[in-house]
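Structural overview for review
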Amino acid sequence: MKRIKNISVGFVVSFLGSIPLGYLNLVGFEIYNKTGFHNLFLFLLGIIFVESFVIYFTLLFAKQLVNNRKLMKGIDFFAIAFMLILSYSFYAHADTTINNDSFIERNIMYSPFVIGVLLNCFNFLQLPFWTGWNLYLINENFISIEKNYKYYYIAGTLIGVFLGMLSLILILQLIFKNTLYVFNYVMSILIPLFFIVLAGVQTFKVYNKYFNVKLKT
């Protein structure tokens, strides 16, 4: 029973957590459009390869990570800079996207698995995400981590991440199928704006978390 519960909870948390549009989903969307399902599959395997280590170590050291305010503060500030860098990167390659010869397409020959690994290594926002969730699930007894039960939870989360990202990418493909103009417009205009908005939201969170509290006190 504990095994099934761990798998189910891990799946639900990771599936829903992977749905919001993030840069990994957007890169996977472009990989699928430009090079097909096989490369998308390898890309997602690279994502969950890194995710398995992140989930495992945040599961073991959740309380220690939460109490390390300097590390969490560094991650929060880095996230703002990273979102702005991603916004500029997509904007800078807008012309190549419109000409149907994107940066991803020209470099995918190296290995979509490696691209997934490298990009997810820079996804530092997953640390506070998984740390918070793991700590909550453990404290509320939604999951069991004694003995080998934690591995069933990790298996559920990896399946959820894979299927969540795959589902979103396929849905986006259906929406933009046979609408090349809309796809090019999204990749070249809306996506850079999306990352700017994310950077703004993250800035607001950082301000309330680290500066607004000091002003009130």
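Above this text you will find the structure in question.
About the cut-offs
- Residues numbered from 1 in each chain as written.
- Predicted model: local features only at pLDDT ≥ 70, side-chain atom pairs only at ≥ 80, totals over all residues.
- Heavy atoms only, no water.
- Phe/Tyr/Trp six-rings, centres within 6.5 Å; stacked < 30°, edge-to-face > 60°.
- Helix = DSSP H or I, 4+ residues; strand = E, 2+ residues; numbered from the N terminus.
- Buried < 20%, exposed > 50% of the residue type's maximum accessible area, 1.4 Å probe, protein only.
- Axes fitted to C-alpha atoms, helices over the stretch in contact; angles between N-to-C directions.
- Parallel < 35°, antiparallel > 145°, perpendicular 65-115°, else oblique.
- Left-handed = near helix turned anticlockwise from the far one by under 90°.
- Contact = heavy atoms within 4.5 Å.
- Nonpolar A, V, L, I, M, F, W, Y, C, P; charged D, E, K, R; others polar.

With that settled, consider the packing of aromatic side chains. Counted according to the given criterion, the structure contains 8 aromatic pairs. A centroid spacing of 5.5 Å and a plane angle of 25 degrees characterise the contact between Phe11 and Phe15, whose relative ring orientation is stacked. With Phe11 and Phe15 both in helix 1 (residues 2-18), this residue pair falls 4 residues apart, about one helical turn. For Phe11, a relative accessible area of 28% translates into the label partly exposed. Ring centres of Phe49 and Phe53 lie 5.3 Å apart, and the angle between their planes is 75 degrees; on these two criteria the pair is classed as edge-to-face. On the criterion of helical spacing, the pair formed by Phe49 and Phe53 is a turn pair, its members being 4 residues apart in helix 3 (residues 37-60). Judged by relative accessible area, Phe49 falls into the partly exposed class, the value being 42%. For Phe53, a relative accessible area of 45% translates into the label partly exposed. Within the aromatic cluster, the residues linked to one another by ring pairs are Tyr56, Phe57, Phe61 and Tyr151.

Another point: the packing of helix 9 (residues 126-139) against helix 10 (residues 149-176). One way to put it is that helix 9 packs onto helix 10 with a least axis distance of 14 Å and a crossing angle of 135 degrees. Looking at the two axes, helix 9 sits oblique to helix 10. Our pair here, helix 9 against helix 10, has a crossing hand that is right-handed. Across from Trp130, Asn134 and Leu137 in helix 9, the residues of helix 10 making contact are Tyr153, Thr157 and Val161. Looking at the contact of helix 9 with helix 10 residue by residue, the classes come out as 4 nonpolar, 2 polar and no charged.

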